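# A look at the structure
Okay, here's what each chain looks like letter by letter:
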Amino acid sequence: NAGVTQTPKFRILKIGQSMTLQCTQDMNHNYMYWYRQDPGMGLKLIYYSVGAGITDKGEVPNGYNVSRSTTEDFPLRLELAAPSQTSVYFCASGHTQYFGPGTRLLVL
Amino acid sequence: ILNVEQSPQSLHVQEGDSTNFTCSFPSSNFYALHWYRWETAKSPEALFVMTLNGDEKKKGRISATLNTKEGYSYLYIKGSQPEDSATYLCAPANAGGTSYGKLTFGQGTILTVHP
């Protein structure tokens, strides 16, 4: 089992650009999550999904979109990147929440 | 959004010391309490999931207790080693609908164990 994988590992975006952060899990988990980690702020939940076709907002959803067309994949979309979205993004799956390795995003 | 507090914010101990830290959370509508260990430049790693009042879990030198009535959990590390240096996060989940899968993370306790 690869567990939870995330791509890319690191990305630099210009303000206003868009991108999709990919997250895939091979553990057949229904629950999947996206978090962002900001220095001194801990982990904040962006969006989560309880199963294919179902998504819900977390604590900080503004500026992001998600979709869940399959059990395995839960991509996170940034439509108009802003400097405030500079962060490390973690995807997790399962009730126990197994975390992926993270994507470091820098918006300049 | 749950109000989760962890104390202390940071802790420095010597190798061999035993230590403990606290997680406080709202006791109403409680479903589960998760503890994670997060090493620098890595991802959070699950330590324990606790659901019952009075629960006690153990993994090697690390153990945790849970009091759901008063809304707190303690994490204990016996005989700390430098490799225990990490941020320890707690995250409660509420009952109801899909909320039980939705965790609110505390800010964490940063533990540094000096050789």
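Residues numbered from 1 in each chain as written. Chains lettered and ligands numbered in written order. Predicted model: local features only at pLDDT ≥ 70, side-chain atom pairs only at ≥ 80, totals over all residues. Heavy atoms only, no water.

### What about the pattern of salt bridges?
Residue and element names in this part refer to chain A. The tally for this structure, following the rule as stated, stands at six salt bridges over all chains. A salt bridge links aspartate 38 to arginine 36; the shortest N-O distance between them is 3.1 Å. An identical accessibility class is assigned to aspartate 38 and arginine 36; each is buried. The partner of glutamate 59 in a salt bridge is lysine 44, with the nearest N and O atoms 3.5 Å apart. (Salt bridge = Lys/Arg side-chain N within 4 Å of Asp/Glu carboxyl O. Buried < 20%, exposed > 50% of the residue type's maximum accessible area, 1.4 Å probe, protein only.)

### Things to note about the state of the cysteines
Residue and element names in this part refer to chain B. Enumeration over the complete set of coordinates arrives at two disulfides over all chains. Shown here is the disulfide that connects cysteine 23 with cysteine 90, its sulfur atoms set 1.9 Å apart. Across the S-S bond of cysteine 23 and cysteine 90 the torsion is about 75°, and the bridge reads as right-handed. Taken together, the positions of cysteine 23 in strand S3 (residues 19-24) and cysteine 90 in strand S9 (residues 86-94) put the pair 67 residues apart, joining distant regions of the chain. Residue classification places cysteine 23 among the buried positions, given a relative accessible area of 0%. Taking relative accessible area as the criterion, cysteine 90 reaches 0% and is therefore assigned buried. (Disulfide = S-S within 2.5 Å. Helix = DSSP H or I, 4+ residues; strand = E, 2+ residues; numbered from the N terminus.)

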